[in-house]
Every structure is written in structure tokens, then in C-alpha cells.
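# Chains, contacts and geometry: an overview
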There are 2 protein chains.
Amino acid sequence: MSNCEWALALHGGAGILKKDMFSQREISDYEKVLTLALEEGKSILESGLSAVEAVSSAIKILEDSPLFNAGRGSVIGNTGIIEMDASIMDGQTTQVGGVSCVKRVQNPILLAREVMENCPHSLLVGDGAEYFAQKRGIKLKPKEYFYTEKRWEQLQNARDKKQLVLDHEGQTQTVGAVAMDINGNLAAATSTGGLTNKAYGRASDTSIIGAGNFAHNDSCAISGTGTGDQFIRNVTCYDFFALTLYQGKSLKDAGEIILDKLKRVGGYGGFVAIDKKGNIEINFNSGGMFRGQVSSAEKISVGVF
Amino acid sequence: MSNCEWALALHGGAGILKKDMFSQREISDYEKVLTLALEEGKSILESGLSAVEAVSSAIKILEDSPLFNAGRGSVIGNTGIIEMDASIMDGQTTQVGGVSCVKRVQNPILLAREVMENCPHSLLVGDGAEYFAQKRGIKLKPKEYFYTEKRWEQLQNARDKKQLVLDHEGQTQTVGAVAMDINGNLAAATSTGGLTNKAYGRASDTSIIGAGNFAHNDSCAISGTGTGDQFIRNVTCYDFFALTLYQGKSLKDAGEIILDKLKRVGGYGGFVAIDKKGNIEINFNSGGMFRGQVSSAEKISVGVF
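Structural notes, computed from the coordinates. Worth saying up front: this structure is predicted, and the values here are computed from it rather than measured. (Residues numbered from 1 in each chain as written. Chains lettered and ligands numbered in written order. Predicted model: local features only at pLDDT ≥ 70, side-chain atom pairs only at ≥ 80, totals over all residues. Heavy atoms only, no water.)

### Considerations on the interface of chain B and chain A
You'll often see interface size given as the accessible area lost when the parts meet. Contacts between the two partners involve 41 residues from chain B and, on the opposite side, 41 residues from chain A. For the pair chain B and chain A, the two sides together bury roughly 3300 Å², of which 62% comes from carbon and sulfur. When residues of chain B are sorted by the area they lose upon contact with chain A, B:His121, B:Arg233 and B:Tyr246 head the list and together hold 21% of the total. Taken together, the connections running from chain B to chain A amount to 0 salt bridges. Counting the contacts that link chain B with chain A gives 24 residue pairs in polar contact (both at pLDDT 80 or more). Broken down by secondary-structure element, the contributors of at least two residues to the side of chain B that touches chain A are strand E3 (96-102), strand E4 (123-125), helix H4 (126-135), helix H7 (228-234) and helix H8 (236-247) of chain B. (Contact = heavy atoms within 4.5 Å. Buried area = accessible area lost by both parts, 1.4 Å probe. Salt bridge = Lys/Arg side-chain N within 4 Å of Asp/Glu carboxyl O. Polar contact = N/O pair within 3.5 Å; in protein donor to acceptor, adjacent residues only side chain to side chain. Helix = DSSP H or I, 4+ residues; strand = E, 2+ residues; numbered from the N terminus.)

Listed below in C-alpha cells is the structure:
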């Protein structure tokens with residue numbers, strides 16, 4: 001059992017990652033940004049601020065980096081448009097906020113948090129979400145801000161192969177975070193650009209509480225990444241929570257069960273999870289997952305394969 | 001224990017319904033449409049067709065009636081726009097389809113089914129969902145088709161009182177159905193116009209698998225109605241399923257637990273559920289719920305309070 005005062009874990013997407021897909025330089029760039037996000041979360045949690053503050057601030061850093069598939073650097077859909085999703089859940093209050101298919105919001109995770117804290121609803125989509133963003137003073141960017149050459153090339157490759165890239169190349173790089181703060185409160189946050197070559201208007205598991213994200217002080221917080229449509233039909237993140245709460249499964253056992261269930265419906269992925277004692281569980285059934293963790297008892301560590 | 005070959009249950013929305021809110025004539029009009037939908041489902045199930053066919057055809061009839069808050073007759077949001085949500089799940093294949101914030105689709109439930117059967121994704125929202133509808137030949141209607149004078153008056157009342165009408169007047173009339181067919185397969189389908197005076201772009205629990213809808217042959221199918229934002233944070237319909245599957249709760253006990261959990265976060269509502277033996281459970285913690293049921297062993301019955 002962990003004996004820490006606070007803890008934080010991040011993922012930067014699970015996929016069929018192979019070492020020859022990245023140069024050493026690229027890997028080290030990814031690890032650098034993951035480390036920056038962990039340092040930010042660490043400093044927040046050390047100073048006694050909330051798990052919600054830690055996960056949203058860490059995710060903001062990953063969204064602002066063009067390396068990850070969230071915010072700037074998001075993948076491009078089949079109409080050539082970038083649409084981004086995010087959600088957040090406060091395990092103490094069980095309040096939630098989600099946004100789906102936003103095109104100009106610099107930090108979808110901050111808009112999701114604004115929905116959680118200042119909107120009577122739980123999930124806003126499309127133009128309506130941006131309308132709310134403007135009313136609440138959330139920062140918008142021109143669409144060009146989100147665009148990267150790398151994602152454009154990935155779209156062309158996917159079009160050539162007539163495929164949703166995720167299933168084959170697995171460069172998902174969805175980002176997620178879970179944390180426990182010094183008051184023992186949990187939170188989870190997740191953000192993504194979705195799938196390369198996805199349909200216009202496709203909402204992902206990342207925007208859906210229970211599918212790609214869940215947090216509840218009664219047991220644990222979890223953020224998922226992978227083939228999102230299978231996370232949606234399996235209600236994967238709530239299932240993880242239910243297995244721990246209703247069957248007393250450990251984080252490890254619950255994690256193996258949900259990954260196995262994903263596989264049975266043709267999906268794969270990974271997750272980061274944390275319980276109310278600050279124990280962290282990270283697992284994936286794909287070739288790799290960008291990830292990192294830190295706690296009051298453990299130094300920052302990051303990994304990919 | 002039920003001993004039937006097939007069974008079907010419908011709801012037409014839970015709310016703080018009081019007898020003096022409706023004339024006897026209005027109540028009888030609602031009951032007539034519920035009966036029509038049950039007759040349609042009965043004829044489908046008797047002829048050996050699937051639970052998916054039964055729930056989608058029954059919901060289509062409720063959507064086409066201007067009385068219910070789904071399809072024609074949907075409530076109006078705070079920008080004066082009607083946005084509709086629906087989802088469907090096949091308990092045999094565990095495939096799902098959902099749509100959110102569509103404005104011109106005559107039958108959102110049929111579009112949700114089209115997503116389930118002919119789209120690699122699980123949930124499409126807004127313009128993207130209508131773009132997919134057009135490509136697949138799903139029937140669109142001009143926006144005026146959905147408009148009713150009654151809903152416009154409800155919006156004016158809500159604006160005067162600066163409230164989301166649901167919480168106080170409870171005329172929700174979201175529609176939902178669950179069925180077991182002669183092969184023992186389960187399905188659930190739900191459709192809604194959401195809340196009077198809701199924010200532009202608000203996606204409801206009705207479009208979200210696990211929140212307002214769930215079906216799995218391993219245990220049961222359920223369709224919910226009520227204060228949807230609480231259904232989303234509680235992942236209410238998957239929670240119901242998890243309680244039956246992981247804790248062996250009866251439909252009745254699982255129902256009481258989820259209704260109690262809703263109440264604890266300030267919500268209320270109701271549901272129709274069915275298990276793999278065709279047992280039907282209907283419950284609500286509001287003043288009333290439009291509902292009806294029929295099976296191979298039972299004649300059609302409908303009720304409101």
C-alpha cells in the first residue's frame with residue numbers, strides 16, 4: 001500500500017507504438033513535455049491545492065504542446081477539420097464537465113472545467129460549446145493554431161489507406177491525468193483530438209464521463225486512452241470503478257478485466273488510475289503508452305514502451 | 001419470475017406530474033399514442049423480429065407524435081432552437097449508436113440506429129450527425145416541422161422564471177423503450193428534445209450510452225428519464241446494469257439504489273428495465289411517469305401517475 005500524501009499520474013496516449021516509429025530525439029521531446037506537466041502538477045499538489053487544479057493544469061501543458069493529440073497538434077478528421085474533446089470529473093463533489101467537437105478553444109480541458117463549475121449542464125458540443133466559451137471568456141485561437149504538418153501527413157496516409165489511423169498505426173497521443181490531493185480528494189481529466197480521418201461530428205469517449213474518464217472519492221479515479229468507440233460501448237472507466245467498488249477488485253485486477261473486455265470487442269488501449277490512498281495503477285494492452293507519475297513519496301518517472 | 005417469450009416496456013418521461021396539469025382528454029391522448037407504440041412493438045416481437053427493431057419502431061411512433069418531447073414536439077432551448085438527442089444499444093452485439101444536437105432529423109432514433117449499424121463511430125453530434133444523415137438517406141424535415149405552440153409557451157414561461165423548466169414543472173416527456181425478443185436478445189432505445197430553456201449545444205444523457213440507456217444480454221436493458229445531468233455524472237444506466245451483474249441485485253433493488261443515488265445529487269427521474277427472462281421493472285421517484293408495457297403473457301397496459 002502506498003503511503004503518500006499526494007500523487008499524480010499522466011498518460012499521453014496508448015497505441016501500437018514501436019521503437020522504430022520514433023527517433024531518440026522525438027522520444028526525449030515527449031518525455032520532456034511529460035516531465036514539465038508532472039512538475040506543474042507536483043508543485044500544485046505540494047502547495048496543497050486540489051486534485052482538480054493539478055489534473056487540469058497538467059493537461060493544459062500537454063494540450064499546449066504540438067506533440068500530443070490534444071489542443072495544439074490535434075489530429076485531423078476526414079473533412080480536413082480538427083475537432084477536439086475533453087472532460088473532467090471532481091471525485092469529491094462528483095461534478096463533471098465535458099466538451100465535444102470544439103474547433104477553436106485553446107484548452108478544451110479548461111472549457112470542460114468551466115462547464116463543470118459554471119454551467120447547469122454536463123456536456124456541451126460543437127458551436128454551442130464555443131458559444132459558451134466566448135460568454136465565459138475562455139481563450140479561443142484561430143483554427144490554424146491547432147494545425148501541424150505531421151497531422152496533415154497522417155491524414156493523407158490514412159486517406160490513402162482508407163482507414164481510421166488509430167487501428168493500425170496507433171499514434172493516438174490522447175492525454176489524461178488522475179490525481180489525489182493532500183485532502184484525499186480525487187480527480188480525472190482527459191483531452192483529445194480523436195482519430196485521424198474520423199467522421200465530422202464524431203464525439204469520443206474522452207468527452208464522455210464513464211467512457212473515457214471517471215473519478216469518485218468512494219474508490220478511485222481513472223483516465224483512459226485507446227480505441228474510443230469500444231470504450232463508449234463498454235462504459236470502460238465506470239466499469240473499472242464499479243469493479244473496485246462493487247466487487248472489491250484491486251486496481252490491478254480491475255484494469256486487467258477492462259482491458260480484456262476491450263479486446264473482446266476488437267478494441268485496445270490503456271489507462272492511468274489512482275485510488276484514495278494514492279496507489280497508482282498504469283496498464284495498457286497495446287505496444288506502448290506515453291506515461292509518467294510522481295507522488296510525495298516518489299520522484300518523477302516517465303516511460304513510453 | 002416471468003415466463004414470457006417476448007416483452008416490451010416504454011416510458012414517455014418522468015416528472016413532477018400532477019393530475020391537475022392535464023385534462024382527462026390530454027391524458028387519454030397520451031395513453032392512445034403509448035398504446036399505438038406498444039401495438040407496433042408487439043406486432044414486431046410476435047412476428048419474431050428483433051428487440052432492436054421493436055424498440056426503434058416503437059420510439060419512432062412516439063417521436064412522430066407532437067405530444068412527447070422527442071422528434072416532433074420537442075422542447076425548445078434558450079436560443080429558440082430545437083436540438084434533439086437519441087441513442088440505441090443492441091444487447092446481443094453490444095453495438096451502440098447515438099446522436100446529439102440534431103435539428104432537422106425526423107426520427108433521431110433511426111439516425112442513432114444508422115450510426116450503430118453503418119458508422120465506425122458510436123456518437124455523432126451536431127452538423128456532423130446531419131451530414132451523416134444526408135449521406136445515408138435518413139429523412140430530414142424543415143425545422144418548423146418540430147415546432148409546437150405548447151413548447152414555445154413553455155419556453156416563455158421558463159424564461160420568465162429564469163429556470164430550466166424540468167426541475168420545477170417536470171414536463172419532460174423524454175421517450176424510451178426496452179425489449180426482449182423471442183431469441184432472448186435485449187435492446188434499449190431513448191430519444192429526447194432535452195430540457196426547455198437548455199443551453200445551445202447541450203448534449204443529454206439520452207445520447208450517452210451508460211448514462212440514459214444501456215443494454216447487455218449478460219443481464220438487462222434499461223432506458224432512463226429525468227434530470228439528465230445527474231444521470232450523466234452518476235452513469236446511471238450502466239450503474240443499474242453493474243449492480244445486477246456484479247452484486248446480483250434484483251431489478252427492483254438496483255432500481256431503488258439508482259433512484260436514491262440520483263436524489264442524493266439533487267436529481268430525480270425514472271426508468272423502464274427488462275431482464276433476460278423478460279421480467280419488467282418500472283420505477284420513478286417523481287410524481288409520475290408516462291409508461292406502458294406488454295408481453296406474450298400480458299395484455300397492453302399504460303399508466304401516468
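### As for helix H1 (residues 24-46) of chain B
Owing to its 3.6 residues per turn, the α-helix brings residues three or four apart onto one side. Residues and elements named next belong to chain B. For H1, built from 23 residues, the straight-helix expectation of 33 Å at 1.5 Å per residue is met to within 8% by its first-to-last C-alpha distance of 32 Å. Looking only at H1, the buried set comprises Ile27, Tyr30, Val33, Leu34, Ala37, Leu38, Gly41, Ile44 and Leu45. Buried residues in H1 make contact with strand E1 (7-15), helix H2 (51-64), helix H5 (149-161), strand E5 (175-180), strand E11 (288-295) and strand E12 (298-303). One or two positions beyond H1, positive phi appears at Gly48, with a value near 90°. (Expected span 1.5 Å × (residues − 1). Buried < 20%, exposed > 50% of the residue type's maximum accessible area, 1.4 Å probe, protein only.)

### Quick word on the pattern of salt bridges
This structure, assessed with the given rule, holds 22 salt bridges over all chains. For B:Glu130, the salt bridge goes to B:Arg104, with nearest N and O atoms at 2.9 Å. Here B:Arg104 lies in the loop between E3 and helix H3 (108-118) and B:Glu130 lies in helix H4, a separation of 26 residues in the sequence. Overall, B:Arg104 belongs to the partly exposed group, its relative accessible area being 28%. Within the structure, one salt-bridge network assembled from shared partners comprises A:Glu53, A:Arg113 and A:Glu117.

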